[in-house]
Structure formats: C-alpha cells, structure tokens
Amino acid sequence: MKENDGIGGWSFLATYHKDFCGVMSSKEIHFGWYFLPWHRVYLAVMERHLQAAVSEPSLAIPYWDWYASPAIPEIFMGSDNPLNDGSRRPSGPEMGPFDLGVLTEADLVDDEDFKVFGGGDPEREGGGAIEFGPHGGGHVFVGGNLGAFATAALDPLFMAHHGNIDRLWEVWRNAGTTPRAEPVDEGWDARPYVFIGADGTEIKRISSETISTVGLGYQYDDLKVKPAEVVVAGGAEIGVPLGAGEELSLELTSSGPAGQPINLSGAGVLFKLTLPADDGIASVLSSAPTSSLTKGRKLKVRIRELEVPDDAVQIRVYLDPKKPIADLHSDEASFAGSINLVPMNGSGTGARIIANVDITRAADGVDLPISEMPVLIVPYTRDGKPRGGSMSIVGVQLIIK
C-alpha cells in the first residue's frame, strides 16, 4: 500500500486526515462532537482497504491500550518493520499521567454525558475529555509524523492509537448502569462523512449512523472498565440548586486587566473564583469545603477561546498547588488534568477553540472553600519544560453539574 500512489494507497488514505484535521475550516472535525464519529468511519474505511490489499477479509486493526500498556507496542517497532515509522521521537519510555491527561480509564468514562466524554457543539461546548486527554497526549508523546495533524495518519501506529480511542467510546457506552446515549441535538447530524471504499464506491455516514460498530462491520473484544482507586467525596452534599442535566457556570479570574485576553506562559497563571450574584449560592461557595462540592456533582474547568499554537503543547491544571512550578509532578494531589494540543496544519494555526478539563478527582482533596481555591494553569512543551512565549485565552470558567 505504501508503494501505491493512487486511490487506496497509504498516502491517499492519510490525506483524509490532513484535509479534515487541524485545518480549522468548515471541514474541521476536531474540537467537538464530530471527533469520534468521523474517526470511526475513517478507521472502518481504512480497515476495508487493508483487507482488500492483502485479500484477507478477517484482517482487523489492532488497538493500543495505553492505560494497560503505556509503551509503544513492540509490533510497531523494529528497523525492518513496515509498521515502524522512523520519524517517531517519543518523549519518554511510555505515556505518563500528563500524556494521558485523565489519570484513569474509569475517570475517563465515568460521566454519562457524551458531551463531557466525547465533545459537544464546537462553537459552544468544545472537545471532550478523550480528545484533549489521551488522544492528544498520544500524538504528542510519540512525535514525528504522528505528532502533527498533517502527517499523523502516515504512521501505522495512528490506526492502533485511534483504535483504542474508538474502543473507549464503546467502553463509555457500556459503562453505566443504564444505557447511555449520544446527542440528539440538530447539529450532531449536520455533517456527512464521505470516503471512498475499497471497491471505489462512495461511503457516506452521518453521526447517528456511526453509533453501532456492528453496522460498520466490527466489534471489540474487551469493553470492561479497568478498575481504579475509589474516590469517596467528603462531607455532605452542599446546597447548590441544580436540576437533572443543569449546570452552573462561574467565572475564574486572574490578576490581569479585566476584559482583556489572558496570556498563558510557562510562568503559569493563577485563577480564582468570582462569586455569583446569587447570595445563597455565593454563601455556600465561600464557606463549604471544595470537597463537599464533589458529592453528587461533576466539576470541570473550561478554557474559552484558547489560541491554538503551531507546536505541541500540554496545558496542565493544578488545584491549590503547594509547590513552585518547577517542583510540580504528575503524582501531586493537586494535579487535576491536562489538555494535550497537537500541532495544527498551517491554516489552522492561531485559531481559537474551547477546551475542558474534569477536575472532580483533584477537587475532592481540597478543604478550602472553592472561592479561595487557586487554580493554576501552565503550558508545557512536549519534553515537559514550561513553555516559553505565550498563548492567549479569552476566559476560564468553572462548571458545576
């Protein structure tokens, strides 16, 4: 396939990803709810082309389960191995907590809301935990071709990486005590995903037609959620009046000028909660410990209009950190999660997106009232150093749901 420059060849199939990912045009499928369904169809099409190339209809794309085995699988290694890609430059021996972004698989699939897990409306809600966590982290960790949108699909490891992302969608769907559902919003089905099949015919799907893997011709062997340490929220549930499906959005502010863009740099930026006008809610948020908020609730930090740079960036979020930035590590109780950004294609550089980090686990260990809890946001390079220069954001919110 690598020697075939035509339809069905390796370069041809990789071009789909280049054309639809990191371009920030009307074709962009990242940074929202199109991310999972588009890649599901893409993987299914690639699998059919691979089967046709070797005349083996039982051939199946493997998945790289980084939560179980965080090192690059040996099957993709070796100097004479066609599954190897010589451009890879892993940032370490294996993916770590910063790369995964979400510390455990159980945490990743815990929220029953698809928009939290897989992303929502790109214009209003942004990408989900799986996209900005282990998805972006895997791309950035491996580096080389896989480390940039324009070239990612040239590396055979791309299929195994995204195979696990696709599998985790199925894990999420089966993780609850009751069936979970994808969005029903009108925009969910607004984009058709069009590819050319192995037989030369057009394959077209919309999001709601991608939910069943069986309908696309495959199933996964393991959909069990990996066990994780049980986190028990402290205290009694506090009186923040929220109905089912409702959320409370609160502003986090820095010491910079009000109403101006905020520049994130390796020096970090500290944010604190601006109390709402509602006196009852303000009183609770300024008196009860933050750990009480996590009982029966989910908390996340939403970064609005984050300027996407042209280099790989890992934005780490800490709650009430007790050490200077140089001494903060992934095993700190204050580490809440990270946003892993894959370098954009040229036309996408400088575009702005919405990114979210679930901070519930870290917040459960904070005894301060949330009105006093500092939130530290620091961008790092892919080799783990505080990033020089700055990238701007318009604002940060705390979401309680």
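Since the structure is predicted, the reported quantities are computational estimates derived from the model, not experimental observations.

*Asks:* I'm lost on the sheet that holds strand β7 (residues 313–319) in this one. Help?
*Replies:* The pairing of strands in a sheet happens through backbone hydrogen bonds and is either parallel or antiparallel. Taken in spatial order, the eight strands of this open sheet run β8-β7-β10-β5-β3-β12-β6-β9, and their pairing is antiparallel. Only two strands of the sheet have a single partner each, and these edge strands are β8 (335–341) and β9 (352–358). For this sheet, the mean inter-axis angle between neighbouring strands, taken without regard to orientation, is 25°. Looking at chain direction, strand β3 (residues 248–253) and strand β5 (residues 269–273) are connected through two bridges and run antiparallel. Bridging from a neighbouring strand, T253 pairs with K272 of β5. Against the sheet, helix α6 (residues 129–142) engages β8 and β9, with an angle of about 55° to β8.

*Asks:* Could you clarify how one ought to interpret the packing of aromatic side chains in this entry?
*Replies:* Here a ring pair, both rings aromatic, is described through the centre-centre distance and the interplanar angle of the planes. Taken as a whole and assessed by the stated rule, the structure comprises 21 aromatic pairs. Note on F31 and F132: the rings are 6.2 Å apart at their centroids and 20° apart in plane angle, and the pair reads as stacked. In this pair, F31 sits in the loop between α1 (10–20) and α2 (35–54) while F132 sits in helix α6, placing the two residues 101 residues apart along the sequence. Residue F132 is classed as buried on the basis of its relative accessible area, which comes to 2%.

*Asks:* When you look at α6 in this model, what are you seeing that I'm missing?
*Replies:* An α-helix turns once per 3.6 residues; consequently, residues spaced three or four apart project the same way. Under the 1.5 Å per step criterion, the end-to-end length of α6 is 19 Å for 14 residues, consistent within 8% with the ideal 20 Å. Roughly 30° is the biggest bend found in α6, and it falls at G136. Extensive coverage of α6 is indicated by the burial of 14 of its 14 residues.

*Asks:* What am I meant to see in the environment of L328 here?
*Replies:* Examined against the element boundaries, L328 turns out to sit in the loop between β7 and β8. You can call L328 buried: its relative accessible area is 5%. Residues contacting L328, with those up to four places away along its chain left out, are Y318, P321, K323, S334 and L376.

*Asks:* What am I meant to see in the packing of α2 against helix α7 (residues 157–173) here?
*Replies:* When two helices pack together, their arrangement is given by the angle between the helix axes and by the axis-to-axis distance. Packing of α2 against α7 brings their axes to within 10 Å, and their N-to-C directions diverge by 125°. Taken as axis vectors, α2 and α7 run oblique relative to one another. Judged by the sense of rotation from one axis to the other, the crossing of α2 with α7 is left-handed. The residues of α7 that touch α2, namely those facing F35, L36, P37, H39, R40, Y42, L43, M46 and L50, are F158, M159, H162, G163, I165, D166, W169 and E170.

*Asks:* How do you make sense of the pattern of salt bridges when you look at a structure like this?
*Replies:* Two side chains that carry opposite charge are able to pair once their charged atoms sit near each other. All told, the structure shown has 21 salt bridges when counted by the stated rule. Ionic pairing is found between D107 and R361, a salt bridge with its closest N-O pair at 2.6 Å. Within this pair, whereas D107 is found in helix α4 (residues 105–108), its partner R361 is found in helix α10 (residues 360–363), the two being separated by 254 residues in sequence. Each of K115, D121, R124, E125 and D185 takes part in salt bridges that share partners, so that together they form one network.

*Asks:* Is there a simple way to think about the pairing of β5 in this case?
*Replies:* On a regular strand, each side chain points to the face opposite its neighbour's, so the side chains alternate between the two faces of the sheet. Burial along β5 is one-sided: V269, F271 and L273 are buried, and none of L270 and K272, which face the opposite way, are. Sheet topology note: the β5/strand β10 (residues 375–380) ladder contains three bridges and is antiparallel. Its bridge partner lying in β10, L270 is registered against L376.

*Asks:* Looking at this model, I keep getting lost on the confidence of the model for the protein chain. Mind explaining?
*Replies:* The predicted structure's coordinates, where accompanied by low pLDDT, should not be read in detail. Here the protein chain averages 89 in pLDDT, while 93% of its residues score no lower than 70. The element-level mean pLDDT for the protein chain is lowest in helix α8 (residues 279–285), coming to 82, with α7 highest at 98. Every residue in residues 230–238 scores below 50 in pLDDT, and together they form 22 contacts with partners more than four places removed in sequence or on other chains.

*Asks:* Hey, could you run me through unusual backbone geometry in this one?
*Replies:* Generally, phi is negative for residues other than glycine and the peptide bonds are trans, each holding for most cases. Even without being glycine, E305 reaches a positive phi, approximately 50°. Note that E305 resides in strand β6 (residues 299–307).

*Asks:* What's the story with the environment of P289 in this structure? I'm lost.
*Replies:* Locating P289 in the fold gives a position in the loop between α8 and α9 (290–293). Taking the C-alpha atoms as reference points, P289 and G215, separated by 74 residues in sequence, lie 48 Å from one another. Sequence-distant contacts of P289, that is, excluding residues within four places in its chain, are made with V366, D367, L368 and P369.

Conventions adopted
Residues numbered from 1 in each chain as written. Predicted model: local features only at pLDDT ≥ 70, side-chain atom pairs only at ≥ 80, totals over all residues. Heavy atoms only, no water. Pairing = 2+ DSSP bridges. Helix = DSSP H or I, 4+ residues; strand = E, 2+ residues; numbered from the N terminus. Axes fitted to C-alpha atoms, helices over the stretch in contact; angles between N-to-C directions. Contact = heavy atoms within 4.5 Å. Phe/Tyr/Trp six-rings, centres within 6.5 Å; stacked < 30°, edge-to-face > 60°. Buried < 20%, exposed > 50% of the residue type's maximum accessible area, 1.4 Å probe, protein only. Expected span 1.5 Å × (residues − 1). Bend = angle between axes of the 7 residues up to and from the residue. Parallel < 35°, antiparallel > 145°, perpendicular 65-115°, else oblique. Left-handed = near helix turned anticlockwise from the far one by under 90°. Salt bridge = Lys/Arg side-chain N within 4 Å of Asp/Glu carboxyl O. pLDDT = per-residue confidence, 0-100.

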